[in-house]
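# Structural characterization, general
Here is how the chains run, residue by residue.
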Amino acid sequence: MSKFWSPFVKDLVPYVPGEQPKLAKLVKLNTNENPYGPSPKAIAAMQAELGDSLRLYPDPNGERLKQAVADYYGVQTSQVFVGNGSDEVLAHAFHGLFQHGKPLLFPDVTYSFYPVYCGLYGIDYEALPLDEQFQIRAEDYARPNGGIVFPNPNAPTGCLLPLAAIERILQANPDSVVLVDEAYIDFGGETAITLVDRYPNLLVTQTLSKSRSLAGLRVGLAVGHADLIEALERIKNSFNSYPLDRMAIAGAAAAFEDRDYFEQTCRQVIASREAVVAGLQDLGFEVLPSAANFVFARHPGRDAAQLAAALREQGVIVRHFKQARIAQFLRITIGAPEQNQALLDALKGLV
Ligand SMILES: Cc1ncc(COP(=O)(O)O)c(C=O)c1O
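Bear in mind that the values here come from a model prediction, so they are computed numbers and not experimental data.

This part is about the packing of helix α1 (residues 40–49) against helix α7 (residues 246–257). Where α1 meets α7, the closest approach of the two axes is 8 Å, and the angle between their N-to-C directions is 155 degrees. For the element pair α1 / α7, the angle class is roughly antiparallel. Note on packing geometry: the crossing formed by α1 with α7 is right-handed. Contacts between α1 and α7 involve Lys41, Ala42, Ala45, Met46 and Glu49 on the former and, on the latter, Arg246, Met247, Ala250, Gly251, Ala254 and Ala255.

The topology assignment puts Glu233 in helix α6 (residues 226–236). For Glu233, a relative accessible area of 14% puts it in the buried group. The residues touching Glu233, leaving out its near neighbours within four places in the chain, are Asn61, Lys66, Val80 and Phe81.

With that out of the way, let us pick up the pattern of salt bridges. Applying the stated rule across the entire model yields 15 salt bridges. Ionic pairing is found between Lys66 and Glu233, a salt bridge with its closest N-O pair at 2.6 Å. Linking Lys66 in helix α2 (residues 63–73) with Glu233 in helix α6, this pair joins segments that are 167 residues apart in sequence. Lys66 sits in the buried class, given a relative accessible area of 5%. Between Arg234 and Glu230 there is a salt bridge, with the nearest N and O atoms lying 3.6 Å from each other. Of the two residues, Arg234 and Glu230 both sit in helix α6, 4 residues apart, roughly one turn of that helix.

Our next topic: the nonpolar core. Note that soluble globular proteins tend to have their nonpolar side chains buried in a common cluster. Among the nonpolar cores identified, the biggest contains 93 residues, and Leu65, Phe150, Leu202, Leu280, Leu311, Val318 and Leu343 are the most heavily contacted of them. Take this core: its biggest share by element is 8 residues, from α7. With residues up to four places along the chain from it excluded, the contact list for Leu202 reads Leu170, Val178, Val180, Ala192, Leu195, Val196, Val223, Gly224, His225 and Leu228. Phe81, Phe94, Tyr117 and Leu228 belong to the second-largest nonpolar core, a separate cluster that totals 27 residues.

Time to look at the UniProt feature "domain: Aminotransferase class I/classII large" (unreviewed entry) in the protein chain. Those places that UniProt annotates as "domain: Aminotransferase class I/classII large" (unreviewed entry) correspond, in this numbering, to residues 25–347. Each end of residues 25–347 is marked by a C-alpha atom, and these two atoms are 18 Å apart; helix forms 37% of the span and strand 15%.

Looking along a regular strand, one sees side chains alternate from face to face of the sheet. Counting buried positions along strand β8 (residues 220–224) gives 5 out of 5 residues, so the element sits mostly inside the fold. Both faces of β8 are covered, namely the face carrying Gly220, Ala222 and Gly224 and the face carrying Leu221 and Val223. Sheet topology note: the strand β2 (residues 80–83)/β8 ladder contains 4 bridges and is antiparallel. Looking at the pairing, Val80 lines up with Val223 of β8.

Attention shifts here to the site of the ligand. Looking at the ligand, there are 14 residues lining it, with Ser86, Asp181, Tyr184, Thr207 and Ser209 nearest. Between the ligand and Lys210 there is a distance of 2.9 Å, counted from an oxygen atom to a side-chain nitrogen or oxygen. Between the ligand and Arg218, the relevant distance is 2.7 Å, taken from an oxygen atom to a side-chain nitrogen or oxygen of the residue. In isolation the ligand offers 400 Å² of accessible surface; the protein chains occlude 92% of this area. It is helix α3 (residues 85–97) that provides the largest number of residues to the shell around the ligand, a total of 4 residues. Partitioning the shell around the ligand into residue classes produces 6 nonpolar, 4 polar and 4 charged.

What follows deals with the side chain of Asn293. Within the fold, Asn293 resides in the loop between β9 (286–287) and β10 (294–298). Residue class for Asn293 comes out buried when judged on its relative accessible area of 1%. Within polar-contact distance, the side chain of Asn293 engages the backbone oxygen of Asn32 at 3.1 Å. If we skip the residues at most four places from it in the chain, Asn293 touches Asn32, Glu33, Tyr184, Phe187, Lys210, Val269, Thr333 and Ile334.

What counts, and at which threshold
Numbering of residues begins from 1 in every chain and follows the order in which that chain's sequence is written. Thresholds applied to this predicted model are a pLDDT of at least 70 for local features of residues and 80 or more for the giving and counting of side-chain atom pairs; totals over whole chains, interfaces and linings are not thresholded and use all residues. Here the side-chain values reflect all heavy atoms present in the structure, with hydrogen atoms and water set aside. Every axis in this analysis is a line fitted to C-alpha atoms, fitted for helices over the stretch in contact. Angles between the N-to-C directions lie between 0 and 180 degrees. The secondary structure listing takes helices from DSSP runs of H or I that are at least 4 residues long and strands from runs of E that are at least 2 residues long, numbered from the N terminus. To sort the angles, those under 35 degrees are grouped as roughly parallel, those over 145 as roughly antiparallel, those from 65 to 115 as roughly perpendicular, and the leftovers as oblique. Should the near helix be turned counterclockwise from the far one by less than a right angle, the crossing is left-handed, whereas a clockwise turn marks it as right-handed. The contact rule is simple, with two residues in contact once any of their heavy atoms fall within 4.5 Å. For the exposure calls, accessible area comes from a 1.4 Å probe over protein chains only, and a residue counts as buried if that area is under 20% of its type's maximum, exposed if over 50%, partly exposed in between. Any carboxyl oxygen of Asp or Glu that lies within 4 Å of a side-chain nitrogen of Lys or Arg is treated as forming a salt bridge with it. By convention a nonpolar core is built from buried Ala, Val, Leu, Ile, Met, Phe, Trp, Tyr and Cys residues, the set being connected through side-chain atoms within 4.5 Å. UniProt positions are given in the numbering used here, feature names are shortened, and annotations may be inferred rather than shown by experiment. Two strands make a pair as long as DSSP finds a minimum of two bridges between them. When at least one non-hydrogen atom of a residue lies within 4 Å of a molecule or strand, that residue is treated as near it. For the purposes of these results, a polar contact is taken to be a pair of N or O atoms within 3.5 Å, where, inside protein, one atom must be able to donate a hydrogen and its partner to accept one; residues adjacent in sequence count only when each atom of the pair is a side-chain atom. In this description, accessible areas are obtained by the Shrake-Rupley approach with a 1.4 Å probe, and a residue is regarded as covered only by the protein chains that are shown. Gly is put with the polar residues, along with every residue not named as nonpolar or charged; the nonpolar set is Ala, Val, Leu, Ile, Met, Phe, Trp, Tyr, Cys and Pro, and the charged set is Asp, Glu, Lys and Arg.

See below:
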């Protein structure tokens, strides 16, 4: 702390991202990255941008990417916002759509960046408990609020909320924005983007970090009514006019255009997930039903923190959260088949 800080800075509790270890040989199953590389077409598009044109600023609106997203989802470009990772898109949404003097609602077990943004933007929140099976109870979200946010599938549980339940939340809250964070939707869920024309209070965010394997590029997006998108544009244009660089716009657009590669790699991750679930169950783990590229699992006879530490000693990193309700779970990213096998082999010796 220093006398030069703006006073609120001393009270900020920043988000702690999963470890990005420097050692190359680790089996890294801790931050939900995709084991397959980005689309070769995305890489070619980025390589084509890597040249003299970098002396020029990029398109501040990222139109090429907005068009690719709009074409993919059958919406207008005025319904699409793009930003530097979905974390940035979420931050703008919290800033521009959730400051209404009433608490923001989200689940007690969820993406741990939400309370951090609340701290940054001075937003009160209520964390509503998931049910005994770690599912979101749609009926809980019918109380006074300044907005609602949850991931679908939820993180770190991986559990999916059906679109019908999302519609019930939207209908119960016509005066609040309901933000559905679809970071993991492509691994087994149905997107709520199909609902944006019917619900002007729905904003859906997505990322290219997971199903399109571009975590290193930092690209995220939002789709919703043009009025909601305009709020995000106003915030963005008051903060950073050029959040996406030339390579990010070109690479992300090409990734959206390459449906075949996207669908094939998602299918491979889903097939591996089913194999990992079966392998964990054989070892006595209870695994929550996952529609994501990770699983959330606990062992009735082994402490999760100790398991995570023991795995690490064998070169396998998974994510463990200290929060009381989930302290006995491990969140395990689905990797390539040989990584998943290394995880199961290491666990065999530990449980
Ligand atoms: C639920 C959820 N939302 C958003 C993000 C942010 O993704 P990114 O900023 O890489 O787009 C993550 C990343 O792990 C996440 O788990």
